[in-house]
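# Structure at a glance
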Amino acid sequence: MRSDLGGYALLAVYAAILVLPVAFVAASLYLAALARTEPAGATPLPPARTHARTVTVRGRPGRLGHGSEAASSAAPEVRRRQRRLGATALNLTYLAAALLTAAVVLRGLSEGRPPNGNMFEFSIAAAASISLVYSALARRRQWVWLAAPVTGATLLISMAAVLLWYTPPGRLMPALQSYWLGIHVSIAIIAVGFLTLGAALTTLHLLNQRPRVAAGLRRLVPAGADLETQAYTMHIVGFILWTFTLISGALWAEKAWGAYWQWDPKEVSTLVVWLIYAAHLHARLTAGRPTTRAGYLALAGFLALVLNFTAVNLSASFAGLHNYSGL
Amino acid sequence: MPLNPSDDSPPPDAATTTETEAAERPHRSAGPGPAPDPTLPPLGPIGWLRWAWRSLTTMRTALILLLLLVAATIPGSILPQRTVDPSRVLAYLAAHPTAGPWLDRLGFFHLYSSVWFSAVYLLLMISLTGCILPRTRQYLRTLRSTPPRPPRRLDRLPVFVQFTASLTPAQALTSAREALAPTRRGRTLRWPARAYGYRVHAHTPTTLSAENGRLREAGNLLFHISILVVVLGVAIGHLWQWRADVIVPEGQGFTTTATSLDTLNPGPLVDPGHLPAFALRVNSMAVSFDTTPGSAQLGQPRQFAADVTVSQAGTADRAARITVNHPLGIAGTEVYLLGNGYAPVITVRDARGAILYQDATPFLPQDAAYTSTGVVKVVAATPRQIGLAGFFLPTADPTFSSGPTSLFPATIDPELILTGWTGTLFPGNRPQSVYRLDTSAMTQLTSPDGSPAVARLRPGETYRLPGGLGSVTFDRVVRWAGLSVRHTPAKTLTMAAAISAALGLILSLLVPRRRIFIEVTEHRPEPEGRRGHHGAPATATLPGCTVTLAATATSTDPHLARVLDRLHTHLISTARPSKESAR
């Protein structure tokens with residue numbers, strides 16, 4: 001075990017905690033700059049790939065989102081400043097994602113095992129997952145406007161990790177010394193990344209349903225961006241990964257505890273998250289089009305997910321078989 | 001993933017219901033005035049059953065049942081459950097004397113086997129079955145069907161392109177058909193339009209209908225059917241499973257008979273007399289703890305392993321090692337190492353030195369440092385039986401400031417602390433726990449000054465019991481292994497069903513289901529001055545047509561526009577060579 005690498009991992013987390021507020025401020029300034037211009041839609045960054053040039057998209061607005069270039073009536077100077085702010089925010093978020101990933105990798109190297117054994121490691125990995133998934137998809141999907149909530153959430157998680165849950169790198173109890181640890185917990189944490197982004201997009205979609213808020217949001221969100229469809233894409237990936245979390249957890253439980261399902265509080269909580277997102281997917285199709293009720297169900301699922309990672313891990317009233325992995 | 005009413009066909013029985021209603025409706029009066037309310041036919045019992053069945057199998061009911069299942073599941077993780085931790089249930093009942101028994105009566109402490117929880121998920125499964133069967137029938141029909149006719153107004157579809165190309169209609173249609181359903185290997189269209197097996201059909205000479213993504217519905221059905229199989233596998237597993245736990249000190253063993261096992265929990269359909277026969281002997285245990293001084297992990301367990309020998313009739317004895325996460329498979333069962341502790345070897349002699357009791361006595365650990373409690377029942381002592389109860393401390397706290405506590409889980413400084421009782425060990429021959437002493441018919445041994453006689457022994461030491469009753473010797477300490485033998489049938493079925501459910505889920509969510517319609521209209525050559533779209537004067541020899549592409553998707557599909565763009569680009573590039581030759 002290399003404790004010096006553990007120290008570097010903590011340093012990387014601190015560095016990310018220094019970078020994230022700057023990214024957050026830049027992203028907020030970008031949104032503020034957009035809000036001051038005419039409400040004709042955000043100036044998109046030069047897209048990495050061009051979408052269809054000649055295809056005419058018909059249909060109800062917002063139903064099949066397609067990033068058409070909205071002409072902003074702002075002066076070129078203003079647009080350049082907006083673009084620079086947006087690029088700054090995005091690059092700083094990339095940097096924070098890289099730092100958090102480095103922290104996870106270094107922590108794993110310092111312990112000689114996947115860093116999935118306690119609350120500190122869970123939360124660092126979750127923060128890394130959220131910022132990584134966002135960074136991978138931001139450019140293609142013109143998600144600069146989403147940088148503020150993402151950096152804010154990542155910052156909160158990282159600070160909680162360092163202030164509340166820090167523990168030095170250590171070895172695992174025998175029950176956790178299994179290759180399943182890397183599989184089961186990693187899949188869960190990657191799913192957290194996608195489901196968090198889905199929750200952020202769903203929140204904005206629900207806000208967009210209110211006319212007064214929508215008028216303000218129109219300046220910030222690229223015109224034609226179909227928030228609900230983007231949230232759906234995030235949710236289906238997260239849901240598939242969560243299904244694998246359940247299955248891999250059951251396979252591991254069978255090896256470690258003798259039964260693949262024992263209604264342990266953490267198992268129940270994972271199932272509850274899965275059921276709520278399943279209800280969300282069903283509700284999305286019941287009325288023939290996605291409804292606000294479906295959106296609220298997605299947010300309920302995200303709340304259950306947060307409780308799964310915090311309350312169930314930490315609260316003694318949820319004592320069960322999973323509790324040694326809490327702190 | 002979710003099952004929704006198909007876009008293609010109307011719900012079954014709608015036509016017949018409307019007909020029935022129409023036949024029964026009274027004729028409107030010819031004059032002005034409000035028409036009387038139509039009288040609907042009364043529903044007989046069959047009608048009510050059909051209504052109930054139809055309501056149960058709608059998507060809305062499934063949604064309600066899913067959320068009900070969530071609501072029903074949550075109390076099980078908040079309130080203690082008997083299957084997870086029975087002692088916490090007892091503590092809860094003691095702490096809540098009024099609410100506790102009511103919760104117990106309503107089944108909240110064995111929630112997942114209670115009637116109402118079972119009702120919720122059974123209803124959900126019935127709803128699911130009632131939805132799957134018609135949809136499977138529908139799906140099998142669509143497997144043989146052709147893509148539908150293009151709609152009359154193509155520009156009403158979500159994605160729509162109209163352009164002119166210098167191709168004959170036949171060339172355009174052939175090129176499109178070649179792109180969507182290539183006859184030779186290799187992709188002609190780039191992602192996301194790459195053919196997922198488009199079926200192409202020409203209903204009229206100037207149109208083409210293409211449809212793909214039948215795998216999506218197949219995945220959907222596979223997912224839901226697999227869920228049913230998972231539930232079935234869990235049910236089979238519950239009915240025929242059995243579990244047995246036994247505490248085995250090093251050097252001893254057990255056999256799979258009810259008398260040799262400590263606890264045996266057979267499932268409802270298991271005959272405890274017919275368990276697979278084998279014997280297992282624990283030779284030694286390897287347990288290690290973290291000894292890094294000053295580390296936060298000091299005292300954390302590092303390794304649990306039991307070296308065992310397995311005996312079965314007809315085969316030679318074999319040695320094996322059981323560790324956490326690596327159970328041992330024997331005769332269709334799995335033996336898990338789930339616990340460990342210390343068993344001090346205690347010898348009790350009578351006044352003349354004859355051995356009344358000598359055994360490795362398992363003591364149960366109470367905390368992370370393995371402060372263990374245990375009991376010695378010397379049944380052979382006469383005229384009054386002797387019982388000893390106390391603590392075993394692997395690393396005794398020398399100060400004794402907070403009573404007998406152990407400081408570290410490894411045997412660095414083992415100490416045995418016992419008090420003695422004499423009397424009747426089994427008053428009324430009532431059954432009692434091996435690890436608890438019933439002192440209701442016993443008196444405590446006291447030292448000469450009246451305080452309870454306490455023996456504090458290190459390995460090898462002997463304590464003389466007061467009153468000339470004999471002596472207690474702490475010989476040495478061995479470990480015990482907590483083994484659990486489990487037989488869970490249908491495990492493989494459940495696992496396979498779960499994995500196929502995951503695969504079905506992936507297909508049902510990620511495979512796009514698209515319909516593309518192509519319509520070509522030939523250009524009528526104008527008498528004069530008409531220009532073709534590349535600027536050269538149109539001549540009768542230049543082919544030209546207007547191509548209309550339209551696409552729709554039956555589910556949320558963010559890439560639909562790009563698919564059509566790819567097809568458009570492909571058709572333009574097909575036209576280009578003929579443009580060159582025309583020049």
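Rules used throughout
Throughout, residues of each chain are indexed from 1 in the direction in which the sequence is written. Written order decides the labels, with chains lettered from A and ligands numbered from 1. Only residues with pLDDT of 70 or above have their local features reported here, since the model is predicted, and side-chain atom pairs are shown and tallied only from 80 upward, although totals for entire chains, interfaces and linings are computed over all residues. Side-chain measures here rest on the full set of heavy atoms in the structure, leaving out hydrogens and waters. Strands are runs of DSSP state E lasting at least two residues, helices are runs of H or I lasting at least four, and both sets are numbered from the N terminus onward. For every residue, the accessible area (1.4 Å probe, protein chains only) is compared with the maximum for its type, and the residue is labelled buried under 20%, exposed over 50%, or partly exposed between those bounds. Any two residues having at least one pair of non-hydrogen atoms within 4.5 Å are treated as being in contact. Areas reported as accessible are Shrake-Rupley estimates using a 1.4 Å probe. Residue values count occlusion only from the protein chains shown. Only residues whose relative accessible area exceeds 30% and that form no salt bridge enter a patch; like-charged residues are grouped when within 9 Å of one another, and nonpolar side chains (Val, Leu, Ile, Met, Phe, Trp, Tyr) when within 5 Å. Salt bridge, as used here: a side-chain nitrogen of Lys or Arg that lies within 4 Å of a carboxyl oxygen of Asp or Glu. For two strands to count as paired, DSSP must find a minimum of two bridges between them. With axes taken as lines fitted to C-alpha atoms, and helix axes fitted only over the stretch in contact, angles between N-to-C directions fall between 0 and 180 degrees. Throughout this description, any angle smaller than 35 degrees is read as roughly parallel, any larger than 145 degrees as roughly antiparallel, any in the 65 to 115 degree range as roughly perpendicular, and the remainder as oblique. Put simply, a crossing is left-handed when the front helix is turned counterclockwise from the back one by less than a right angle, and right-handed when it is turned clockwise. Under the convention adopted here, Pro, Cys and the residues Ala, Val, Leu, Ile, Met, Phe, Trp and Tyr are nonpolar, Asp, Glu, Lys and Arg are charged, and Gly plus all remaining residues are polar. Note on scores: pLDDT gives the predictor's confidence for each residue, bounded by 0 and 100. Buried area is calculated as the accessible area (1.4 Å probe) missing from two parts once they are joined, with the contributions of both summed. Aromatic rings from Phe, Tyr and Trp, taking only the six-membered ring of Trp, are treated as a pair when their centres fall within 6.5 Å; an angle between ring planes under 30 degrees marks them as stacked, one over 60 as edge-to-face, and anything in between as tilted. Here, a charge over a ring is recorded when the distance from Lys NZ or Arg CZ to the ring centre is within 6 Å and its angle to the ring normal is within 35 degrees. The distinction between a cavity and a pocket rests on a 1 Å grid over the protein atoms alone: a 1.4 Å probe fits inside a cavity but cannot get out, while a pocket stays open yet meets protein on both sides within 12 Å along at least five of seven lines, and a residue with an atom within 4 Å of a point counts as lining. Grid points are joined across faces, edges and corners, and a volume is the space filled by probe spheres set on the points. In protein, a polar contact requires one atom able to donate a hydrogen and another able to accept it; more generally it is a pair of N or O atoms within 3.5 Å, and residues adjacent in sequence count only if both atoms are side-chain atoms.

### Description of the overall build of chain A
Of the regular secondary structure elements, chain A holds ten helices and one strand. The helix and strand sequence of chain A, counted from the amino end, reads α-β-α-α-α-α-α-α-α-α-α. Burial statistics for chain A: of 327 residues in total, 57% are counted as buried. Across chain A, every contact between residues at least 6 apart in sequence was considered, and the portion connecting residues at least 24 apart equals 83%. Element-wise, carbon and sulfur atoms account for 66% of the exposed surface of chain A, whose accessible area totals about 13,500 Å².

### Notes on the overall build of chain B
Helix and strand content of chain B: eleven helices and 22 strands. Within chain B, the proportion of its 583 residues that are buried is 43%. Long-range pairs, those at least 24 residues apart, make up 65% of the contacts in chain B between residues at least 6 apart in sequence.

### Overview of unusual backbone geometry
With an omega of -5°, the peptide bond running from T382 of chain B to P383 of chain B counts as cis. Along the chain, P383 of chain B turns up in the loop between β14 (372-378) and β15 (385-393). In the Ramachandran plot, W263 of chain A falls in the positive-phi region, its phi being about 55° despite a non-glycine side chain. As for its position among the elements, W263 of chain A is in the loop between α7 (227-257) and α8 (265-286). At A490 of chain B, a residue that is not glycine, the phi angle is positive and equals roughly 65°. Position of A490 of chain B among the secondary structure elements: in the loop between β20 (470-487) and α10 (491-510). Classification of A490 of chain B as partly exposed rests on a relative accessible area of 22%.

### Considering a nonpolar patch on the surface
Residue and element names in this part refer to chain B. Together, L222, M495, I499 and L503 make up an exposed nonpolar region whose accessible area comes to about 320 Å². Of the residues forming the nonpolar patch, the biggest block, three residues, is contributed by α10. Following the sequence through the fold, M495 ends up in helix α10.

### Digging into the sheet that holds strand β7 (residues 279-289) of chain B
Residue and element names in this part refer to chain B. Strand order in the open sheet formed by four strands is β5-β7-β8-β9, and the pairing between neighbours is antiparallel. Looking at which strands have only one partner, the edges of the open sheet turn out to be β5 (253-255) and β9 (315-323). Across the sheet, the mean angle separating the axes of adjacent strands is 20° when strand polarity is ignored. Relative to β7, β5 runs antiparallel, the two sharing three bridges. By the bridge assignment, F254 is partnered in β7 with L280.

### Section: the packing of helix α3 (residues 119-141) of chain A against helix α5 (residues 179-208) of chain A
Residue and element names in this part refer to chain A. At a minimum axis distance of 8 Å, the contact between α3 and α5 shows a crossing angle of 50°. Here α3 is positioned oblique relative to α5, judged by the angle of their axes. In terms of crossing hand, the pair formed by α3 and α5 is right-handed. Where α3 approaches α5, its residues F122, A125, A126, S129, I130, V133, Y134 and L137 are matched on the opposing element by V185, I189, I190, V192, G193, F194, T196 and L197. Considering only residue class, the contact of α3 with α5 consists of 13 nonpolar, three polar and no charged.

### Quick look at the confidence of the model for chain B
All names here are of chain B. When the pLDDT values of chain B are averaged, the result is 83; 87% of them are 70 or greater. Averaged over each element, pLDDT in chain B is lowest for helix α1 (residues 14-24) (43) and highest for α10 (94). In this model residues 1-26 is a low-confidence stretch, pLDDT under 50, and it forms 42 contacts with partners more than four residues away in sequence or in other chains. Ignoring residues within four places in sequence, the model shows residues 528-539, a span with pLDDT below 50, making twelve contacts including any to other chains. Here the predicted complex carries an ipTM of 0.84, next to a pTM of 0.81.

### Here we look at the interface of chain A and chain B
Listed per partner, the contact involves 61 residues of chain A and 64 residues of chain B. Of the roughly 5,600 Å² buried at the junction of chain A and chain B (both faces included), carbon and sulfur atoms supply 67%. Together, Y260, W263 and H282 of chain A form the three largest contributors to the area buried by chain A at its contact with chain B, with a combined 12%. The interface formed by chain A and chain B holds one salt bridge in total.

### Re the packing of aromatic side chains
Scanning all chains against the criterion turns up 19 aromatic pairs over all chains. Centre to centre, the rings of W261 of chain A and W263 of chain A are 5.7 Å apart; their planes meet at 85°, and the pair counts as edge-to-face. For W263 of chain A, a relative accessible area of 21% translates into the label partly exposed. Between Y342 of chain B and F392 of chain B, the ring centres sit 5.4 Å apart and the planes meet at 50°, which makes this aromatic pair tilted. Here Y342 of chain B is found in strand β11 (residues 333-349), whereas its partner F392 of chain B is found in strand β15, with 50 residues between them in sequence. Just as Y342 of chain B is buried, F392 of chain B falls in that class too. Here the aromatic cluster, defined as three or more aromatic residues joined through ring pairs, consists of F289, Y342, Y370, F392, F408 and F474 of chain B. We note R284 of chain A situated over the ring of Y232 of chain A; from NZ or CZ to the ring centre the distance is 3.9 Å.

### Quick notes on empty space enclosed by the protein
Residue and element names in this part refer to chain A. Counted under the stated rule, the structure contains nine cavities of 30 Å³ or more. Space inside the second largest cavity adds up to approximately 70 Å³. Every residue lining the second largest cavity is listed: T202, H205, L227, E228, A231, Y232, H235, H280, T291, A294 and G295. Among the secondary structure elements, those contributing two or more residues to the lining of the second largest cavity are α5, α7 and α9 (292-309). The element best represented in the lining of the second largest cavity is α7, accounting for five residues. In terms of residue class, the lining of the second largest cavity is built from four nonpolar, six polar and one charged.

### Some points on the packing of helix α9 (residues 214-240) of chain B against α10 of chain B
All names here are of chain B. At a closest axis distance of 7 Å, the pairing of α9 and α10 adopts a crossing angle of 155°. The orientation of α9 with respect to α10, classified from their angle, is roughly antiparallel. Considering how the two elements wind past one another, α9 and α10 form a crossing that is left-handed. Contact with α9, carried on its side by L215, R216, G219, N220, L222, F223, S226, V229, V230, G233 and V234, involves L493, T494, A497, A498, S500, A501, G504, L505, L507, S508 and L509 of α10 and no other residues of that element.

### Looking at the side chain of R302 of chain B
Along the chain, R302 of chain B turns up in strand β8 (residues 301-312). Reaching out from R302 of chain B, the side chain makes a polar contact with the side chain of D290 of chain B at a distance of 3.1 Å. Dropping the residues within four chain positions of it, R302 of chain B is found in contact with R171, L172, M173, P174 and Q177 of chain A together with S288, F289, D290 and Q297 of chain B.

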